[in-house]
Amino acid sequence: MKKIIVTSYINPDLDGIAASYAYAEYLEKTGRLASYCFEGQPKKEVSIVCNLFDISLTSCNIGKEDYITIVDTNTIKDFPSFVDINNVVEIIDHHVPSQDTPKFLNAKVQIELIATVATLIAERFYENNIPISRNSAILLYYAIISNSINLHSQNTSSKDIEMLKWLSSQCSEINERYIKKIFEEKSEIDESHLREEMEADYILKIGNKKLIIAQLEIVDAMNFLSTSKIAIENILNSILEEKQLDYIFLNCIDILNGYSILYTPFLVTENYIKNYFEGEFDKGQLILTPLYMRKEIIKLLKEKNSLSF
């Protein structure tokens, strides 16, 4: 029997890791030979949750003939280097279908535009009455919490909420009091690693203009911007020059209180943002309630512009 390797994009976040880990378990419990694998360094929140609940992660070896299931992305450029798209047999994702989606000729594709792919994996266990392990329940639960910004994200669905409740009933160690602790630890950012945390490398092309939207998900966004504004401004200015951009701004999300602050030190970017959002800028900041995730901002831009990536 060929093995199925479940994996996500390079340097996966908690949603990608949780979905890979739990879906490999689901496949094993339904009679398939499966393992999970990841490439690169998982995001900070992964180690926070794993350390808090003493969960160990190990990446398996990949055989040339192994089947591949991809979770949390459907864009080929984000795939790990070991993935041969001809061996991809399944895609499970919650992002908008990319131009690559039709290329997966041998794959069953499930894409639902909800808050998190962890919900879709939890649903497999729930609908088929498959018992879920303590580790998978914990990882999936906090992935839903993280990706939905504690259910504040605009794309949070009734399915996300339903699966969150079900997962909490499957493991006595799951407790809401850990949510604040996880978010607070995630918010402890050393300024020497601030640029890395902002993940400001994804360039949008708008006609002949280039734009980057950086993003931070932290506790007390207002205070963070106040104390770190100089460092953030320097980083945005450096990226603007390095990438030869026309616009750049930071989407700073308050993960406990559920709002976003769009910040830019550049008047030309400020004027650009005003084309899409109501409200007035104050010292380079525009507060959005309810919050907007970066992908929701990109979707808004795509609806009003013809974008190429």
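Preceding this paragraph is the structure being described.
Residues numbered from 1 in each chain as written. Predicted model: local features only at pLDDT ≥ 70, side-chain atom pairs only at ≥ 80, totals over all residues. Heavy atoms only, no water.

(A) Molecular detail of helix α2 (residues 44–53). All of the buried residues along α2 are E45, V46, I48, V49, C50 and F53. D54 sits one or two positions beyond α2 and adopts a positive phi of about 55 degrees. (Buried < 20%, exposed > 50% of the residue type's maximum accessible area, 1.4 Å probe, protein only. Helix = DSSP H or I, 4+ residues; strand = E, 2+ residues; numbered from the N terminus.)

(B) Structural detail: the nonpolar core. By size, the foremost hydrophobic cluster in this structure holds 56 residues, and its most contacted members are L140, Y142 and L167. Elements that contribute at least two residues to this core include exactly β1 (4–7), α1 (14–29), β2 (34–36), α2, α3 (117–127), α4 (134–147), α5 (158–170) and α6 (177–186). Considering every element that reaches this core, the biggest residue donor is α1, with ten residues. When neighbours within four sequence positions are excluded, Y142 is seen to be in contact with L14, V49, F53, I174, N175, Y178, I179 and I182. Within the second largest apolar cluster, 25 residues are counted, among which are L194, I239, I248 and C252. (Core = buried A, V, L, I, M, F, W, Y, C linked by side-chain atoms within 4.5 Å. Contact = heavy atoms within 4.5 Å.)

(C) How the structure looks around the sheet that holds strand β4 (residues 88–93). The five strands lie next to each other as β2-β1-β3-β4-β5, forming an open sheet whose pairing is parallel. Pairing within the sheet leaves two strands with one partner each, and these edge strands are β2 and β5 (108–111). On average, each strand axis in the sheet is tilted by 15 degrees relative to the strand beside it, whichever way the strands run. In the sheet, β4 pairs with β5 via four bridges, with the strands oriented parallel. (Pairing = 2+ DSSP bridges. Axes fitted to C-alpha atoms, helices over the stretch in contact; angles between N-to-C directions.)

(D) Examining the packing of α3 against α4 more closely. The contact between α3 and α4 brings their axes to 8 Å, and the two run at 145 degrees. In this structure, α3 crosses over α4, and the sense of that crossing is left-handed. On α4, the residues touching A118, T119, I121 and A122 of α3 are L140, A143 and I144. Residues that form the contact of α3 with α4 fall into these classes: six nonpolar, one polar and no charged. (Left-handed = near helix turned anticlockwise from the far one by under 90°. Nonpolar A, V, L, I, M, F, W, Y, C, P; charged D, E, K, R; others polar.)

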